[in-house]
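# Observations on chain architecture
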Amino acid sequence: MGLAAWGERARQELRGAGESSPSRNPDAWDRLTPHELSIARLAAEGLTNREIGQRLYLSHRTVGTHLHRIFPKLGVSSRADLPRILRTYRPEE
């Protein structure tokens, strides 16, 4: 499977999880979706991308895509910072 095919699969999984809505709502760009929050919490527990993907029925590459979106939203640069940030993170509604 080529790189383009993996990218399309990731986009389909993101759309299927309702993750396309932030692109339509610029006010939501800096907030985590419930799906992203669950990925961030699992990553904070120390699970690998593959383990997170198995629990949430996603490919490990899609999990990586989510994490690359999550890190800037939370202002972190590594998984090691996630537990500290998530203890104080309160989703805005």
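Scroll up to find the structure this text is about.
Described below are features of the structure shown in this document. Everything numeric here is computed off the predicted structure, so don't read it as measured data.

## Comments concerning unusual backbone geometry
Unlike most non-glycine residues, tyrosine 57 shows phi in positive territory, near 60°. When you line up the elements, tyrosine 57 lands in the loop between helix 4 (49-56) and helix 5 (60-74).

## Quick look at the environment of arginine 87
Tracing the backbone shows arginine 87 in helix 6 (residues 82-88). Overall, arginine 87 belongs to the exposed group, its relative accessible area being 60%.

## Some remarks on the pattern of salt bridges
A complete count under the given rule lists two salt bridges for this structure. Across the salt bridge formed by glutamate 36 and lysine 73, the nearest N and O atoms sit 3.0 Å from each other. One end of the pair, glutamate 36, is in helix 3 (residues 34-44); the other, lysine 73, is in helix 5, with 37 residues separating them in the sequence. By relative accessible area, which is 22% here, lysine 73 ends up partly exposed. Aspartate 81 is the partner of arginine 84 in a salt bridge, and the nearest nitrogen-oxygen pair spans 4.0 Å.

## Comments concerning the packing of helix 4 against helix 5
Each pair of packed helices can be described by the angle between their axes along with the distance between the axes. Packing of helix 4 against helix 5 leaves a shortest axis separation of 8 Å and a crossing angle of 105°. Comparing their axes, helix 5 and helix 4 come out roughly perpendicular. Counting all contacts with helix 4, which are made through Asn49, Arg50, Ile52 and Gly53, the residues of helix 5 involved are His60, Val63, Gly64 and Leu67. Its residues assigned to classes, the contact of helix 4 with helix 5 comprises three nonpolar, four polar and one charged.

Thresholds, definitions, all that
Residues numbered from 1 in each chain as written. Predicted model: local features only at pLDDT ≥ 70, side-chain atom pairs only at ≥ 80, totals over all residues. Heavy atoms only, no water. Helix = DSSP H or I, 4+ residues; strand = E, 2+ residues; numbered from the N terminus. Buried < 20%, exposed > 50% of the residue type's maximum accessible area, 1.4 Å probe, protein only. Salt bridge = Lys/Arg side-chain N within 4 Å of Asp/Glu carboxyl O. Axes fitted to C-alpha atoms, helices over the stretch in contact; angles between N-to-C directions. Parallel < 35°, antiparallel > 145°, perpendicular 65-115°, else oblique. Contact = heavy atoms within 4.5 Å. Nonpolar A, V, L, I, M, F, W, Y, C, P; charged D, E, K, R; others polar.

These results come straight from atomic positions and should not be treated as a statement about function.
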